[in-house]
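Here's the letter readout for the chains.
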Amino acid sequence: SIYCDGFNWKIRTCTTYSIPTMCVSCPDPCAALLPSNEYASITPCSPTITTGRNSIISVATISFVELQHAPDIISSTILTSKSAFSIKLTLSGNGVLYCAVFQSSMNVVPTSQSMVILQNHASSIQNNISSISLSNLVP
């Protein structure tokens, strides 16, 4: 399943029909094919399967563009003190650098990009260089 813009898109090959089926924010794409189901389904490979009011399309083309990969770190300079740090990176391309601080005694390991981004320590990368400094840290 793919989460996009607040909706959960699910794709599955249904064994009953041996065709891929997609639905948006439904529990099961194959169940969405049932006439009694309230969810809309998309069956792009079958012009013959219709599910009454729930069939919204029978032929579809989906394309995507791969997102740009994060730049490589070419070099780094890190300065630290008891309550502050500064980092300067030279990278292979431009973008945005995010940084987060987690209290070591809490044993927190970030498990998602959101955990880092939500701290809102960011610096744009221009001319392949970016710097972030954080102070007033509690040891």
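Scroll up a little and you will see the structure.
Below, the structure is looked at part by part.

Cut-off values and rules
- Residues numbered from 1 in each chain as written.
- Predicted model: local features only at pLDDT ≥ 70, side-chain atom pairs only at ≥ 80, totals over all residues.
- Heavy atoms only, no water.
- Helix = DSSP H or I, 4+ residues; strand = E, 2+ residues; numbered from the N terminus.
- Buried < 20%, exposed > 50% of the residue type's maximum accessible area, 1.4 Å probe, protein only.
- Polar contact = N/O pair within 3.5 Å; in protein donor to acceptor, adjacent residues only side chain to side chain.
- Contact = heavy atoms within 4.5 Å.

1. Digging into the side chain of Ser123
Consideration 1: Looking at where Ser123 falls in the secondary structure, it is placed in strand 9 (residues 121-125).
Consideration 2: Classification of Ser123 as buried rests on a relative accessible area of 14%.
Consideration 3: A distance of 2.9 Å separates a polar atom in the side chain of Ser123 from a polar atom in the side chain of Ser130.
Consideration 4: The residues contacting Ser123, other than those within four sequence positions of it, are Gly95, Val96, Leu97, Ser130, Ser131 and Ile132.

2. Considering unusual backbone geometry
Consideration 1: Positive phi, normally seen in glycine, also occurs at Asn127, with a value near 55°.
Consideration 2: With respect to the helices, strands and loops of the structure, Asn127 is situated in the loop between strand 9 and strand 10 (129-134).
Consideration 3: Even without being a glycine, Asn136 presents a positive backbone phi close to 60°.
Consideration 4: Along the polypeptide, Asn136 turns up in the segment after strand 10.
Consideration 5: On the basis of relative accessible area, Asn136 is assigned to the exposed category, the value being 71%.

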